[in-house]
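# Structural overview
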Amino acid sequence: MQCRTFFRHVAAVVLFVAASAAAHSQSRQYTVTSPDGVTLAVQEAGKSDGPPVVFVHGLLGSHLNWEAQLSSPALQGYRLIAYDLRGHGQSGKPVDAAAYTDGRRWADDLAAVIKATGVRDPVVVGWSLGAAVTTNYLAAYGDAQIAGAVYVGGVIELDPKQIAPHPALYRDMVSPDLKTHLDAEREFIGLCFAQPPDGVTFQRLLANAAVASFDMQAAVQSMTVAAARGLGSARKPVLLIYGAKDALVQPAPSIARARELNPHVRSTVYAASGHAPFMEEADRFNRELAAFVDSVVTR
């Protein structure tokens, strides 16, 4: 009996390792060039012919923010595409302020990734700043080429009524004093969570922040967001997901403004999460993302 139990356990481990290896084998990295010449680092996971999902991270992040989605067994049947925003991660880092203040540039990046991947009707998932990028994409390109959008802790507008007030923090994030700058970035990453991640993950997120362009951080606070023309004109399904304990973006005013712009948007609030519910309550988020994708994408 013990031998049979042992071999069943071994078989289960082998199957798990094989499944993990198969999922890893689907992962690939490459670059895409934006219309203004910025190189964008892209990473894919999941099933190459599965329903496509494009992930757009937030300020001071990279594609590594989406690790709980890219490696999720529940999402491996989808084509999972994440890219590093301009000024972030392994993507290009222009020094010209206009490369970051002009919201159309960020929209063009997302359009370039969608075009280069050849995906048809993807769901776009934008976190925080990534939601503003999605809005600018909708303003510039409409929603004809996507199946829907998910805003997670989404910046609807750079409006003090919607953004939690941290004036000293945002001032210090662009301080010329290195210690002040790095300490502010650490504080910013900490404010992303009501339920902090494990130590290794938190350190990786700090490294994400440290490699982000200083020029970008100084300029992005003035990025244009075409909310009325973008989110306001969307007719494809849009789902808003916020954490009730978000310390960076205020859920209630943001949801209210989004509904004012577009009465068709749906919203849900994760009671236990802060600014990053896709990390803090990853299992629930992944299930609900899969359900949303299945409801809007034609297989």
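First things first, this report covers the structure right here in the doc. None of these values were measured; they are calculated from a predicted model.

A word on the overall build of the protein chain. Regarding its fold elements, the protein chain presents 13 helices and eight strands. Counting only C-alpha atoms and orienting by the principal axes, one finds that the protein chain spans roughly 65 × 45 × 40 Å. Residue burial in the protein chain is summarised as follows: out of 299 residues, 53% are buried. The long-range fraction of contacts in the protein chain, counting pairs at least 24 apart against all pairs at least 6 apart in sequence, stands at 75%. On the protein chain, the mean spot of the 26 positive side-chain charges and the mean spot of the 27 negative ones are 7 Å from each other.

Once that is clear, we can look at the packing of helix H4 (residues 103–117) against helix H5 (residues 129–141). Close contact between H4 and H5 brings their axes to 8 Å; oriented N to C, the two are set at 85°. Here H5 runs roughly perpendicular to H4, going by the angle between their axes. Mapping the contact onto sequence places Gly 103, Arg 104, Trp 106, Ala 107, Asp 108, Leu 110, Ala 111 and Ile 114 in H4 and Leu 129, Val 133, Thr 134, Asn 136, Tyr 137, Ala 140 and Tyr 141 in H5. Residue classes in the contact of H4 with H5 are distributed as 10 nonpolar, three polar and two charged.

The next point concerns the packing of aromatic side chains. With the rule as written, the count across this model stands at seven aromatic pairs. Ring geometry for Tyr 100 against Trp 106: centres 6.1 Å apart, planes inclined by 55°, an arrangement best described as tilted. Ring geometry for Trp 127 versus Phe 278: centroids 4.9 Å apart, planes at 70°, classification edge-to-face. Residue Trp 127 is found in strand E5 (residues 123–127), and its partner Phe 278 is found in helix H12 (residues 277–280); the two are separated by 151 residues along the sequence.

On to unusual backbone geometry, then. In this structure, Leu 60 is a non-glycine residue whose phi angle is positive, near 70°. Here Leu 60 lies in the loop between strand E3 (52–56) and helix H2 (67–70). With phi around 55°, Asp 121 is a residue other than glycine that occupies positive phi space. When you line up the elements, Asp 121 lands in the loop between H4 and E5. Given the relative accessible area of 28%, Asp 121 is considered partly exposed.

Bringing the side chain of Ser 213 into the picture now. For Ser 213, the location among the structural elements is in the loop between helix H8 (199–210) and helix H9 (214–219). Among the polar contacts listed, one links the side chain of Ser 213 to the backbone nitrogen of Met 216, at a separation of 3.0 Å. If we ignore the near neighbours within four places in the chain, the residues touching Ser 213 are Gly 87, Lys 93, Pro 94 and Tyr 100.

Spatially, E1-E2-E4-E3-E5-E6-E7-E8 is the arrangement adopted by the eight strands of the open sheet, whose pairing is mixed. Sheet topology places strand E1 (28–33) and strand E8 (266–270) at the edges, where each strand pairs with a single neighbour. In this sheet, adjacent strand axes meet at a mean angle of 20° when their direction is disregarded. One ladder, built from four bridges, connects strand E6 (residues 148–152) with strand E7 (residues 238–243); its direction is parallel. Each residue of the ladder has a partner; that of Tyr 151, found in E7, is Leu 240. Helix-sheet contacts for H5 involve E3, strand E4 (79–83), E5 and E6, and the interaxial angle to E5 is about 135°.

Rules and cut-offs
- Residues numbered from 1 in each chain as written.
- Predicted model: local features only at pLDDT ≥ 70, side-chain atom pairs only at ≥ 80, totals over all residues.
- Heavy atoms only, no water.
- Helix = DSSP H or I, 4+ residues; strand = E, 2+ residues; numbered from the N terminus.
- Buried < 20%, exposed > 50% of the residue type's maximum accessible area, 1.4 Å probe, protein only.
- Contact = heavy atoms within 4.5 Å.
- Lys, Arg positive; Asp, Glu negative; His and termini not counted.
- Charge placed at Lys NZ, Arg CZ, Asp CG, Glu CD.
- Axes fitted to C-alpha atoms, helices over the stretch in contact; angles between N-to-C directions.
- Parallel < 35°, antiparallel > 145°, perpendicular 65-115°, else oblique.
- Nonpolar A, V, L, I, M, F, W, Y, C, P; charged D, E, K, R; others polar.
- Phe/Tyr/Trp six-rings, centres within 6.5 Å; stacked < 30°, edge-to-face > 60°.
- Polar contact = N/O pair within 3.5 Å; in protein donor to acceptor, adjacent residues only side chain to side chain.
- Pairing = 2+ DSSP bridges.

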